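A closer look at the structure
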Amino acid sequence: MRQLQEHGIPNLRLWGRGVDTEAFHPQFRDEAWRRAVGAGREILVGYVGRLAAEKQVEALRVVQDLPGVRLVVVGDGPEREDLERVLPQAHFTGLLRGAELSRAMASLDVFVHPGELETFGQTLQEAHASGVPVVAPAAGGPLDIVRHSHDGWLYPPGDHEALRARVVDLVGDERKRRAFGASARDRAERRTWHDICSELMVHYEDAVRVHARAGSAEV
């Protein structure tokens, strides 16, 4: 919007994207699944999404060796084989849908999305709806989704030491994880598709009024 305003484009409104807060919900956290996937480690740090080069999932190698942490990678794509070599300590679930995806997302303790080219980042909203704090680069879509120090952490793009430090911070502080997760869920509840589409109707009503005023001026 700022860029468009700088080019002199008037009457702008920002319309975001909603999230399914019923399909993604903290209630789907599954301790049995966590134990099976964790293989003796208490904390699950995960990524959910397509395994493609632009997602930069290989950056997760900086957190796969954290004590007591199991890295979980949910999804599939052309980079999976290479990533399994780069992340030998991670658990790869493959592509999950429906109830399996809801369970996996809610069962994470920290969600990490290292991609710096994300134009929006719907999985970040789904993590928030699941009550899971997010760590992501301060670039692109995550800037509009993650409230730094409220429901997750943003780190400088490309700074993987900072990525690791932010994950370590959440891994080592259960109270903070819970507080960030609760804040994330609270915000997601105000970003349902019903809310977002109602917001769009208001934008349309504004457009109608602007058009009507312009027509009256011409007459």
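See above for the structure.
Residues numbered from 1 in each chain as written. Predicted model: local features only at pLDDT ≥ 70, side-chain atom pairs only at ≥ 80, totals over all residues. Heavy atoms only, no water.

**Considering the overall build of the chain**
Looking only at helices and strands, the chain has nine helices and six strands in total. With the C-alpha coordinates of the chain rotated into their principal frame, the extents come out at 75 × 35 × 35 Å. Within the chain, the proportion of its 219 residues that are buried is 44%. Sequence separation of at least 24 residues holds for 65% of the intrachain contacts in the chain that already meet a minimum separation of 6. As displayed, the chain offers around 11600 Å² of accessible surface, 51% of which is attributable to carbon and sulfur atoms. When the 28 basic and 33 acidic side-chain charges of the chain are each reduced to a single mean position, those positions are 3 Å apart. (Helix = DSSP H or I, 4+ residues; strand = E, 2+ residues; numbered from the N terminus. Buried < 20%, exposed > 50% of the residue type's maximum accessible area, 1.4 Å probe, protein only. Contact = heavy atoms within 4.5 Å. Areas by Shrake-Rupley, 256 points an atom, 1.4 Å probe, with all protein chains shown as cover. Lys, Arg positive; Asp, Glu negative; His and termini not counted. Charge placed at Lys NZ, Arg CZ, Asp CG, Glu CD.)

**Focus: the nonpolar core**
In terms of nonpolar packing, the biggest core is built from 27 residues, with Val45, Leu87 and Val167 touching the most fellow members. Counting only elements with at least two residues in this core, the list comes to strand 1 (43-48), strand 2 (69-74), strand 4 (110-112), strand 6 (152-155) and helix 7 (160-171). Here the element with the most residues in this core is helix 7; it accounts for five residues. If you look at the next biggest cluster of nonpolar residues, it comprises 25 residues, including Leu44, Phe111, Val134 and Leu154. (Core = buried A, V, L, I, M, F, W, Y, C linked by side-chain atoms within 4.5 Å.)

**Some words on the packing of aromatic side chains**
All chains considered together, the criterion is met by one aromatic pair. Looking at Arg166, its charged tip hangs above the ring of Trp153, at a distance of 4.3 Å from the centre. (Phe/Tyr/Trp six-rings, centres within 6.5 Å; stacked < 30°, edge-to-face > 60°. Lys NZ or Arg CZ within 6 Å of the ring centre and 35° of its normal.)

**Section: the pattern of salt bridges**
In the structure shown here, the tally under the stated rule is 19 salt bridges. Linking Arg13 and Asp206 is a salt bridge whose minimum nitrogen-to-oxygen distance equals 3.2 Å. In this pair, Arg13 is assigned in the loop between helix 1 (2-6) and helix 2 (31-38) and Asp206 in helix 9 (residues 193-218), connecting sequence segments 193 residues apart. One salt bridge connects Arg85 with Asp82, and the closest N-O pair in it is separated by 2.2 Å. (Salt bridge = Lys/Arg side-chain N within 4 Å of Asp/Glu carboxyl O.)

**Quick look at the pairing of strand 5 (residues 134-137)**
In regular strands, side chains alternate between the two faces of the sheet. Covered by surrounding structure in strand 5 are Val134 and Ala136 together with Val135 and Pro137, the residues of both alternating faces. Between strand 4 and its parallel partner strand 5, the chain crosses via helix 5 (residues 122-129), and the hand of that crossover is right-handed. (Right-handed = clockwise from strand over helix to strand, strands pointing away.)

**What about the sheet that holds strand 5?**
Overall, parallel pairing links the six strands, which are arranged 3-2-1-4-5-6 in an open sheet. Edge positions in the sheet fall to strand 3 (91-94) and strand 6, since each of these pairs with one other strand and no more. Averaged over all pairs of adjacent strands, the angle between their axes in this sheet comes to 25°, without regard to strand direction. Pairing geometry for strand 1 and strand 4, over two bridges, is parallel. Residue pairing across strands places Val45 opposite Val110, the latter belonging to strand 4. Relative to strand 5, helix 5 is tilted by about 160°, and along the sheet it contacts strand 1, strand 4 and strand 5. (Pairing = 2+ DSSP bridges. Axes fitted to C-alpha atoms, helices over the stretch in contact; angles between N-to-C directions.)

**Some words on the packing of helix 7 against helix 8 (residues 174-188)**
At a minimum axis separation of 6 Å, helix 7 and helix 8 run at an interaxial angle of 100°. Judged on the interaxial angle alone, helix 8 and helix 7 are roughly perpendicular. Residues Asp169, Leu170 and Val171 of helix 7 lie in contact with helix 8, whose contacting residues are Lys176, Arg177 and Phe180. Its residues placed into classes, the contact of helix 7 with helix 8 shows three nonpolar, no polar and three charged. (Parallel < 35°, antiparallel > 145°, perpendicular 65-115°, else oblique. Nonpolar A, V, L, I, M, F, W, Y, C, P; charged D, E, K, R; others polar.)

**As for the environment of Trp153**
Mapped onto the elements, Trp153 comes out in strand 6. Look at Trp153 and you get buried, because its relative accessible area is 10%. Taking the C-alpha atoms as reference points, Trp153 and Met201, 48 residues apart in sequence, are found 32 Å from one another. In this structure, Trp153 is in contact with Val134, Val135, Ala136, Val146, His148, Arg166, Asp169, Leu170, Lys176 and Phe180, ignoring residues within four places of it in sequence.

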